[in-house]
Amino acid sequence: MVSIASTRGHQNVSMLGIGAYRPKRLISNDELCEVLDSSDEWIYERSGIRNRRWISGDESSRQMAVAASERAIQSSGIDRAEIGAVILATSTWKTLVPHGAPIVAHDLGMNGVAAFDITAGCAGFGYGLSVAADHIRAGSAKYVLVIGVETMSLGLDPTDRGTGFIFGDGAGAVVVGPSEENGISPTVWGSDGENSTAISQEYDLVEYMDRAERLQGTGSTDEKVGRLVIRMDGQRVFRWAAITLPKALRSVIESSGVSAEDIDVFIPHQANGRINDLMKKNLGLGEGVPVANDIENTGNTSAASIPLAIEEMLVTGKAKGGQIALLLGFGAGLSYAGQVVKLPPAPVEPSF
Ligand code: UT7
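Residues numbered from 1 in each chain as written. Predicted model: local features only at pLDDT ≥ 70, side-chain atom pairs only at ≥ 80, totals over all residues. Heavy atoms only, no water.

**Remarks on the site of the ligand**
Link 1 in the chain: Ser38, Arg46, Gln235, Asn272 and Asn300 are the nearest of the 22 residues found near the ligand.
Link 2 in the chain: The contact in question runs from a nitrogen atom of the ligand to an N or O atom on the side chain of Ser38, over 2.6 Å.
Link 3 in the chain: The protein chains hide 72% of the 960 Å² of surface that the ligand would expose on its own.
Link 4 in the chain: If you list the elements that add at least two residues to the shell around the ligand, you get helix H2 (40–47), helix H7 (234–256), helix H8 (273–283) and strand E12 (324–331).
Link 5 in the chain: At four residues, H7 tops the list of elements feeding residues into the shell around the ligand.
Link 6 in the chain: Looking at the shell around the ligand residue by residue, the class counts come to eleven nonpolar, seven polar and four charged.
Link 7 in the chain: No fewer than three residues from each of domain 1 (13–178) and domain 2 (188–195 + 233–342) sit in the shell around the ligand. (Near = heavy atom within 4 Å. Polar contact = N/O pair within 3.5 Å; in protein donor to acceptor, adjacent residues only side chain to side chain. Areas by Shrake-Rupley, 256 points an atom, 1.4 Å probe, with all protein chains shown as cover. Helix = DSSP H or I, 4+ residues; strand = E, 2+ residues; numbered from the N terminus. Nonpolar A, V, L, I, M, F, W, Y, C, P; charged D, E, K, R; others polar. Domains from an automatic or database assignment.)

**So, a nonpolar patch on the surface**
Link 1 in the chain: Residues Leu96, Val97, Leu205 and Met209 make up a contiguous nonpolar surface patch of roughly 460 Å² in combined accessible area.
Link 2 in the chain: The topology assignment puts Leu205 in helix H6 (residues 205–215). (Patch = residues over 30% accessible without salt bridge, like charges linked within 9 Å, V, L, I, M, F, W, Y side chains within 5 Å. Salt bridge = Lys/Arg side-chain N within 4 Å of Asp/Glu carboxyl O.)

**Here's the deal with the domain arrangement of the chain**
Link 1 in the chain: Per the domain assignment, the segments of the chain are domain 1 (13–178) and domain 2 (188–195 + 233–342).
Link 2 in the chain: Taken over C-alpha atoms, the centre of domain 1 sits 17 Å from the centre of domain 2.
Link 3 in the chain: In this assembly, domain 1 packs against domain 2 so that about 2,800 Å² is buried in total across both faces, 60% of it on carbon and sulfur atoms.
Link 4 in the chain: Across the domain 1-domain 2 interface, the total number found is three salt bridges.
Link 5 in the chain: Between Arg50 and Glu296 there is a salt bridge; the shortest N-O distance is 3.0 Å.
Link 6 in the chain: Elements that contribute at least two residues to the side of domain 1 that touches domain 2 include exactly strand E1 (13–21), H2, strand E3 (51–54), helix H5 (124–138), strand E6 (143–151) and strand E7 (169–178). (Buried area = accessible area lost by both parts, 1.4 Å probe.)

**Concerning a negative patch on the surface**
Link 1 in the chain: Among the surface-exposed residues, Asp204, Glu207, Asp210 and Glu213 lie close enough to one another that they form a single negatively charged patch.
Link 2 in the chain: Position of Glu207 relative to the elements: it lies in helix H6. (Lys, Arg positive; Asp, Glu negative; His and termini not counted. Charge placed at Lys NZ, Arg CZ, Asp CG, Glu CD.)

**Focus on the environment of Thr301**
Link 1 in the chain: Residue placement: Thr301 occurs in the loop between helix H9 (295–298) and helix H10 (305–316).
Link 2 in the chain: By relative accessible area, Thr301 is classed as buried at 1%.
Link 3 in the chain: Here the alpha-carbon distance between Thr301 and Arg53, two residues 248 residues apart in the chain, equals 9.1 Å. (Buried < 20%, exposed > 50% of the residue type's maximum accessible area, 1.4 Å probe, protein only.)

**Quick look at the packing of aromatic side chains**
Link 1 in the chain: Counting across every chain of the model gives three aromatic pairs.
Link 2 in the chain: Taken together, a centroid distance of 5.5 Å and an interplanar angle of 90 degrees make the contact between Trp42 and Phe165 edge-to-face. Linking Trp42 in helix H2 with Phe165 in the loop between E6 and E7, this pair joins segments that are 123 residues apart in sequence.
Link 3 in the chain: Here the aromatic rings of Trp240 and Tyr336 are separated by 6.5 Å at their centres, their planes lie at 50 degrees, and the arrangement is tilted. Of the two residues, Trp240 is situated in helix H7 and Tyr336 in strand E13 (residues 335–342); the sequence distance between them amounts to 96 residues. For the residue pair Trp240 and Tyr336, the accessibility class agrees, reading buried in each case.
Link 4 in the chain: Across from the ring centre of Tyr44, 3.7 Å away, lies the NZ or CZ of Arg50, which sits over that ring. (Phe/Tyr/Trp six-rings, centres within 6.5 Å; stacked < 30°, edge-to-face > 60°. Lys NZ or Arg CZ within 6 Å of the ring centre and 35° of its normal.)

**With respect to the pattern of salt bridges**
Link 1 in the chain: In this structure the tally under the stated criterion is 16 salt bridges.
Link 2 in the chain: Salt-bridge contacts for Arg22 lead to Glu311; the nearest nitrogen and oxygen are separated by 3.0 Å. Of this pair, Arg22 sits in the loop between E1 and strand E2 (25–28) while Glu311 is found in helix H10, placing the two residues 289 residues apart along the sequence. Of the two residues, Arg22 and Glu311, both sit in the buried class.
Link 3 in the chain: Taken together, the salt bridges that share partners define one network made up of Asp157, Asp160, Glu202 and Arg231.

**Concerning the sheet that holds E12**
Link 1 in the chain: If you trace the four strands from one edge of the open sheet to the other, you get E8-E13-E12-E11, paired in mixed fashion. The open sheet has two edge strands with one neighbour each: strand E8 (188–191) and strand E11 (265–268). Along the sheet, successive strands turn relative to each other by an average axial angle of 15 degrees, direction set aside.
Link 2 in the chain: Relative to E13, E12 runs antiparallel, the two sharing eight bridges. In the strand pairing of E13, Ile324 is matched with Lys342. (Pairing = 2+ DSSP bridges. Axes fitted to C-alpha atoms, helices over the stretch in contact; angles between N-to-C directions.)

And the structure:
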C-alpha cells in the first residue's frame, strides 16, 4: 500500500505586517476635468473622490509592488528567507506571460519561492488573503506575502464619463503568517459571471490584435488602439452591489464567530464612498465605527484598494493594530471576497 504524505500547518494565522506605495503624481478632479466632461462637484458627490494618484516617470506596477512589499516585510519583522510564497493580485500587469509574482519575488531577493498571480478584479486582495491563510493552515508555506497592485491609469480612457474619474494606481502588501490567536476568519466569496460584462475590457485580446492589424499602415490616429481600455456600466454594478454585498457581509460576520458589535472598523473596497456608507448603514454597524475613506484622495485602485485603505487608517490613527476589521472586496467578474480580520500593526515606513 503506497501512502502519500500530506501536510498540516498552523491553524491560527494573521496579517503580521503591512506596507504600501502611492504614486507621486496627484490628479485633482479639476485637472481631470480639463479632458473629462464633468465637474469636481459631480465627481465628489457621486463617488466621494477628490483626487487620485497615477504613475509617472519610472513608477510601474513592478516598482510599486516591490516598494510596498519591502515595507510590509520590514513591518512584519519576518526574515524574508522564511517567506515560502508570493501571491500577486492584479488585473493590470503589463504581460500575461510572464506573470508578475516571480519577477517581484526576484526583485525582493526571494528568487525560487512559489509565486503566482491572482486575477479577481477588485476582489483580488481578498482572494489572495484567503489563499494565503489556507496555504499556511495546510502547511504549504509558513509565511506568505500577498500583494495587491494596479496601474489602472494604463487602461483608462480619461474622456470616458463612466470610468475616467474613478480609477487610480497604487500597491499594498501584507505578510501573512502563524499567530497565537486567529486573525483571519473564513472567507466568504463568490462570483456572478452572468453579469461579467458590467466591467470589462473594450476588446478582448483577439479583437484587439485584429483591430491593430487592420489599422496598421492606414495612418489612423485612433489613440485607443494602443490600449486595452476598461469600460464599466456603473449603474449595473451598483444594482448588483446593492443586492449581493449586504448578504455577503452578513455571511462574513456570521461565519467569523464575532458579532456585529465586535467590529471596530469597516474597510470595504474603495469603489464608491456612497456604496460604502450605504453598506455600513444597512449592516447596522455602530455610529462610531469608522469606515475607510481612502478613495477620497487615492481613487479606486482595484486589487490594491483594501491594503492601501488599511494602511491609511493605521497611519492616520483612525484604526489601530489588533482591532477587529470587516473587509469586503468586490468588482470585476463580478466577484467578491470578505473576511473579518485582526489588523496588523501600523507600518514602520508609511507611504505618505
Ligand atoms: O471597483 C469596481 C466596482 N465598481 C463599482 O462599484 C462602481 C459602482 N457604480 C458607481 O460607483 C456609480 O454608478 C458611478 C459613480 C460610476 C456613476 O454614478 P451614478 O450616480 O450611477 O451616475 P449615472 O450613470 O446614473 O448618471 C447620472 C447622471 C446622468 O445624467 P441625467 O441622465 O440624470 O441627466 C449622466 O448623464 O449624471 C450624468 N453623468 C455625468 N455627469 C458628469 C454620468 N457620468 C457623468 C460624469 N460627469 N462623469
